[in-house]
Amino acid sequence: MTSNKLVMDWVDSVAQITQPDEIYWWNGSDEEYERMCAEMVKRKEFIPLNKKNWPGCYLYRSDPTDVARTEKVTYICSERQEDAGPTNNWLSPADAEKQILPWYRGAMKGRTMYVVPYIMGPVGGASSKVGFEITDSLYVALNMRIMTRSGRVALDQLGDSDDFVKGMHSLGDLKPEHRAVAHFPERKEIWSVGTGYGGNALLGKKCHALRIASAQARDEGWLAEHMLILGLESPEGDLHYIAAAFPSGCGKTNLAMLIPPESMPGWKAWTVGDDIAWMRFGEDGRLWAINPEAGFFGIAPGTGEDTNQNAILSVKSNSFFTNVALTEDGGVWWEGLTKEAPATLTDWLGRPWKRGSSEKAAHPNSRFTAPAKNCPSISPHWEDPQGVPISAILFGGRRSHLTPLALETFSWNHGVLMGASAGSETTAAATDNKMGTLRHDPMAMLPFCGYHMGDYFKHWIEIGKRSDNLPKIFSVNWFRLDENGKFIWPGFGENMRVLKWIVERCKGRAGAKTTPIGYIPAAKDLHTSGLNMDITKLEGILDVDKNLWREEIKGAEEYFKTFEDKFPQDLTQELNDLKKRLS
Ligand code: GTP
Ligand code: SPV
Ligand code: MN
């Protein structure tokens with residue numbers, strides 16, 4: 001409990017609505033964590049894993065209808081519809097009360113209500129933010145314990161201040177038709193009901209650190225972005241940090257934990273964050289980024305020793321697994337963990353599974369929750385309250401065609417245009433989208449921007465006017481396919497070759513050819529020694545087809561019309577310049 005009357009009044013009001021049997025204040029201690037994990041085992045919600053191979057690890061199976069973010073029922077409940085903009089679902093606060101609040105009434109009868117205070121950002125950090133998640137899901141509370149700094153520390157940081165986000169979460173009856181994730185940016189409030197899945201229910205993550213925080217960042221002159229943060233150290237000991245925005249399921253966690261290939265001796269990569277970056281100007285006019293989270297909520301499938309060894313080492317202890325398969329010796333497995341599947345498994349739905357089955361053993365969006373400090377490549381600076389200085393911003397996505405492996409934009413505004421016109425093929429991270437369909441996803445923020453996307457573009461342009469010490473903006477794409485549907489670029493650790501070029505461009509050292517869409521490395525400008533790849537294939541993904549790009553730009557121009565007069569003039573100017581260069 002706390003002496004903060006505003007918090008106490010709000011907790012009371014939620015209890016009035018939800019009618020829990022008991023209220024429990026989360027303190028964040030190790031003793032509490034152990035006790036609550038044991039409670040989950042007692043309730044048969046957690047399956048403890050084999051203690052020898054997976055110490056402190058548990059498997060959790062969610063409701064089978066509740067396995068990914070649901071964008072269809074995610075709302076921005078600003079007072080005015082135009083503040084939510086054309087890319088968000090809007091509900092007026094009054095309609096939200098009518099439609100959503102009834103699903104909370106009496107929902108916690110027979111349950112405990114956990115009050116989880118949390119900090120997004122390092123403890124004591126000037127740019128860290130406090131929030132509360134009230135939840136009737138112990139799984140959610142325990143995940144928040146890994147993903148944020150939670151409990152007493154957050155109450156201490158808040159004191160009697162009114163600067164906190166109010167998150168009200170209930171599993172409700174878990175029926176998809178009684179499911180909603182609603183955000184009230186003006187009141188710094190979040191309602192999530194009828195779902196227990198990660199991005200819908202761990203309210204510190206997408207709901208607070210992106211949707212609420214992006215609106216706050218617009219008002220206060222900073223950036224809240226769907227970006228990983230990575231430090232790159234050259235053999236000479238030079239350190240550069242990059243921030244990269246890729247849509248969900250498009251490689252942030254993997255890039256954030258990359259291990260440089262053996263043919264690049266001396267290069268080191270340091271993980272600062274894998275999903276969210278909050279960036280503010282320092283006194284030096286540079287953008288400094290913090291990772292507001294304290295853990296990784298990462299995609300299991302595709303994560304293996306040879307693709308992401310640092311992630312494997314991160315999840316080996318004190319981690320949770322959601323919707324993966326169970327092995328006979330009490331371990332976990334998912335597609336891509338090993339080349340060959342174990343002969344028999346229990347699948348993510350708890351059914352017997354045999355190698356060769358046409359069905360997946362783990363859900364394609366199955367996830368691990370791991371403490372960031374477990375990661376062997378975690379940066380010594382990952383909890384620095386002032387953050388790390390960003391030299392380059394990368395935009396990327398899953399583009400099987402067209403978009404080159406790497407490109408440097410000509411200017412900040414050109415970079416913003418490129419981020420704004422980015423598209424990506426959809427993945428299993430959200431339901432309701434057919435997988436693999438190309439959609440526009442500006443700055444990888446389409447599902448996460450808490451206000452009008454046109455105003456968001458304007459905010460990026462404004463940020464660019466405030467400093468002449470800005471990061472350079474790049475575009476990357478690891479996902480080009482050949483005529484057989486195979487990835488052309490080897491990806492993963494090999495992406496270091498592209499990052500090296502980026503760092504050297506920041507220092508004005510690497511070569512590039514000037515094309516209408518930006519500076520693109522020639523094959524000779526990349527570190528290719530030890531790269532097991534046909535040079536003509538590499539040249540193929542560094543090429544610019546003007547005709548196809550003209551089509552692409554036409555599509556972007558059409559898309560931008562949805563923002564009407566909110567689309568910034570400066571971007572229209574950039575678009576016209578780009579069209580001229582392509583004609
Ligand atoms: P969210 O947690 O949903 O935001 O996803 P993310 O952006 O962190 O994506 P993640 O790193 O988990 O990667 C998603 C999928 O893409 C996994 O199956 C990876 O194996 C695959 N992937 C990541 N990087 C690469 C790459 O460089 N090349 C290829 N071919 N696949 C990759
Ligand atoms: C994403 O979908 O971008 C994620 C997973 O990082 S979730 O927490 O569900 O949002
Ligand atoms: Mn993400």
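Thresholds applied
Residues numbered from 1 in each chain as written. Chains lettered and ligands numbered in written order. Predicted model: local features only at pLDDT ≥ 70, side-chain atom pairs only at ≥ 80, totals over all residues. Heavy atoms only, no water. Helix = DSSP H or I, 4+ residues; strand = E, 2+ residues; numbered from the N terminus. Rg over C-alpha atoms; globule rule 2.2 N^0.38 Å. Buried < 20%, exposed > 50% of the residue type's maximum accessible area, 1.4 Å probe, protein only. Contact = heavy atoms within 4.5 Å. Areas by Shrake-Rupley, 256 points an atom, 1.4 Å probe, with all protein chains shown as cover. Lys, Arg positive; Asp, Glu negative; His and termini not counted. Charge placed at Lys NZ, Arg CZ, Asp CG, Glu CD. Domains from an automatic or database assignment. Buried area = accessible area lost by both parts, 1.4 Å probe. Salt bridge = Lys/Arg side-chain N within 4 Å of Asp/Glu carboxyl O. Polar contact = N/O pair within 3.5 Å; in protein donor to acceptor, adjacent residues only side chain to side chain. Nonpolar A, V, L, I, M, F, W, Y, C, P; charged D, E, K, R; others polar. Donors = N, O, S within 2.8 Å, 3.2 Å for Na, K, Ca; no water. Tetrahedral: all angles 85-135°; square planar, octahedral: opposite > 155°, others 65-115°. Near = heavy atom within 4 Å. Pairing = 2+ DSSP bridges. Phe/Tyr/Trp six-rings, centres within 6.5 Å; stacked < 30°, edge-to-face > 60°. Expected span 1.5 Å × (residues − 1). Arc of directions from axis to C-beta.

This brings us to the overall build of the protein. When helices and strands are counted, the protein shows 15 helices and 31 strands. Over its C-alpha atoms the protein spans a radius of gyration of 23 Å, differing by no more than 12% from the 25 Å that the globule rule assigns to 583 residues. Over its C-alpha atoms, taken along the principal directions, the protein stretches across nearly 65 × 55 × 45 Å. Per-residue burial over the protein gives 62% buried out of 583 residues. In the protein, of all internal contacts separated by at least 6 residues, the share reaching a separation of at least 24 is 72%. Working note: accessible area of the protein is about 22,500 Å², and carbon and sulfur atoms make up 50% of it. Across the protein, the mean location of the 66 positive side-chain charges is 3 Å away from that of the 75 negative side-chain charges.

This brings us to the domain arrangement of the protein. By convention, interface size is frequently given as the accessible area that disappears when the constituent parts associate. Here the protein is described as being made up of domain 1 (5–45 + 69–221), domain 2 (225–292 + 380–582) and domain 3 (295–374). Inter-centroid distance (C-alpha atoms) of domain 2 to domain 3 is 29 Å. Tallying the contact residues gives 12 residues for domain 2 and 14 residues for domain 3. Here domain 2 meets domain 3 over a buried area of about 1,100 Å², counting both sides, of which 64% is carbon and sulfur. The largest contributions to the domain 2 side of the interface with domain 3 come from Met257, Ile259 and Ala428, which together make up 39% of the buried area. Here domain 2 is connected to domain 3 by zero salt bridges. Applying the counting criterion to the domain 2 and domain 3 interface returns one residue pair in polar contact (both at pLDDT 80 or more). When grouped by side-chain class, the residues that make up the side of domain 2 that touches domain 3 number seven nonpolar, four polar and one charged.

Take the coordination of the manganese ion (ligand 3) next. Around a metal, the perfect tetrahedron of four donors has angles of 109.5 degrees, and the perfect octahedron of six donors has angles of 90 or 180 degrees. Protein coordination at the manganese ion (ligand 3): the donors are Lys206 (NZ), His226 (NE2) and Asp275 (OD), at 2.1 to 2.6 Å from the metal. Bound by six donor atoms, the manganese ion (ligand 3) shows angles of 62 to 169° at the metal and therefore irregular coordination geometry.

Moving on, we get to the site of ligand 2. With respect to spatial proximity, the complete set of residues near ligand 2 consists of Arg69, Tyr197, Gly199, Lys205, Lys206, His226, Ser248, Asp275, Phe297, Arg367, Ala429 and Phe448. One of the backbone N or O atoms of Gly199 is found 2.9 Å from an oxygen atom in ligand 2. In the environment of ligand 2, an oxygen atom lies 3.4 Å from a nitrogen or oxygen atom belonging to the side chain of Asp275. Taken together, the residues of the shell around ligand 2 break down into four nonpolar, three polar and five charged. Among the domains, domain 1 (5–45 + 69–221) and domain 2 (225–292 + 380–582) are the pair contributing at least three residues each to the shell around ligand 2.

Now for the pairing of strand S10 (residues 180–184). The element S10 is extensively covered by neighbouring structure, given that five of its five residues are classed as buried. Because side chains alternate across S10, one face comprises the buried residues Ala180, Ala182 and Phe184, and the other comprises Val181 and His183, equally buried. Pairing analysis gives five bridges linking S10 to strand S11 (residues 189–193), with the strands arranged antiparallel. Along S11, the bridge assignment pairs Ala180 with Val193.

By the definition in use, this model includes 32 aromatic pairs. Between Tyr33 and Phe320, the ring centres sit 6.2 Å apart and the planes meet at 20°, which makes this aromatic pair stacked. With Tyr33 in helix H2 (residues 30–42) and Phe320 in strand S19 (residues 320–322), this residue pair connects regions lying 287 residues apart in the sequence. In terms of burial, Tyr33 and Phe320 fall into one category: buried. Between Phe410 and Tyr519, the ring centres sit 4.8 Å apart and the planes meet at 85°, which makes this aromatic pair edge-to-face. Of this pair, Phe410 sits in the loop between strand S26 (406–408) and helix H10 (412–420) while Tyr519 is found in strand S31 (residues 518–520), placing the two residues 109 residues apart along the sequence.

On to helix H15 (residues 569–582), then. Given a rise of 1.5 Å per residue, 14 residues ought to cover 20 Å, and the 20 Å separating the end C-alpha atoms of H15 matches this to within 8%. Three or more residues of H15 are buried, namely Leu571, Glu574, Leu575, Leu578 and Leu582. Within H15, the buried residues cover an arc of 100° as seen down the axis, which keeps them to one side. Residues of H15 that are exposed and point over 90 degrees away from its buried face: Gln569 and Lys580.

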